Amino acid sequence: MKDKVVVITGGSSGIGKALAEEFGRNDSRIVITGRNLEALQSAENELKSKGVNIVGFQADASSEEDNKKMADFAIEQFGKIDILIANAGISMRALFKDVDLDIVKKVMDINFYGALYATKYCLPSILENKGSVVGISSIAGFRGLPARTGYSASKFALQGFLEVLRTENLKTGVHVLTACPG
């Protein structure tokens, strides 16, 4: 992982922050994104204090324009993108009969479209470098979970997208991984 450039959406907390730290321990150069500027700066400062070569970029995963700017920023900062980890995500809990459809849309916008947009704008550099696209999914992408209508739908969509991307890139040298943490 030495000198690899890794972009991690939703990198200011949880899985994304832990991945940034691990890649950083292995001498990768990291760009993390997050919507909340304070949380993003806190994560960036904490990881820098541990010797991680990292920069934060405030972005809303559900914004196509933010994703384009994020990819451009990563290339401007480090000259390339080797790995994209589409990690940004939110959950929700409500039985479908009670669900607010605006919440389902928000979950889809972040969990599915966020990964789609990030991949679209990072992929040219990843193709050039024969890198990797990693989507952070869930068991909810294999089995619909009660009271998780939007979340399960978003993860099913993500897994379908990643399967298509993997197939389309079988002979390009690009690796596509769907990760489903327990």
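Residues numbered from 1 in each chain as written. Predicted model: local features only at pLDDT ≥ 70, side-chain atom pairs only at ≥ 80, totals over all residues. Heavy atoms only, no water.

What follows deals with the packing of aromatic side chains. In the structure shown here, the tally under the stated rule is four aromatic pairs. Each ring, one from Phe 57 and one from Phe 73, has its centre 4.9 Å from the other, and the planes form 35°; the classification is tilted. Within this pair, whereas Phe 57 is found in strand β3 (residues 53–58), its partner Phe 73 is found in helix α3 (residues 64–78), the two being separated by 16 residues in sequence. For the pair shown, Phe 57 and Phe 73 are each scored as buried. Measuring from centroid to centroid gives 6.4 Å for Phe 112 and Phe 161, while their planes differ by 85°, and the two rings are edge-to-face. Here Phe 161 lies in helix α5 (residues 149–168) and Phe 112 lies in helix α4 (residues 101–129), a separation of 49 residues in the sequence. A residue is classified by how much of its surface remains accessible, and Phe 161, at 16% relative accessible area, is buried. (Phe/Tyr/Trp six-rings, centres within 6.5 Å; stacked < 30°, edge-to-face > 60°. Helix = DSSP H or I, 4+ residues; strand = E, 2+ residues; numbered from the N terminus. Buried < 20%, exposed > 50% of the residue type's maximum accessible area, 1.4 Å probe, protein only.)

Quick look at a nonpolar patch on the surface now. A grouping of Ile 139, Phe 142 and Leu 145 is seen on the molecular surface, where their side chains present a nonpolar patch of about 300 Å² in accessible area. Mapped onto the elements, Leu 145 comes out in the loop between β5 (132–136) and α5. Residue classification places Leu 145 among the partly exposed positions, given a relative accessible area of 32%. (Patch = residues over 30% accessible without salt bridge, like charges linked within 9 Å, V, L, I, M, F, W, Y side chains within 5 Å. Areas by Shrake-Rupley, 256 points an atom, 1.4 Å probe, with all protein chains shown as cover. Salt bridge = Lys/Arg side-chain N within 4 Å of Asp/Glu carboxyl O.)

Take helix α2 (residues 37–49) next. Its 13 residues place the ends of α2 18 Å apart at the C-alpha level, agreeing with the 18 Å of an ideal helix rising 1.5 Å per residue. Within the sequence span of α2, burial applies to Leu 40, Ala 43, Glu 44 and Leu 47. End-on view of α2: buried residues confined to an arc of 100°, all on one side of the axis. Those residues of α2 that are exposed and aimed more than 90 degrees away from the buried face are Glu 38, Asn 45 and Ser 49. (Expected span 1.5 Å × (residues − 1). Arc of directions from axis to C-beta.)

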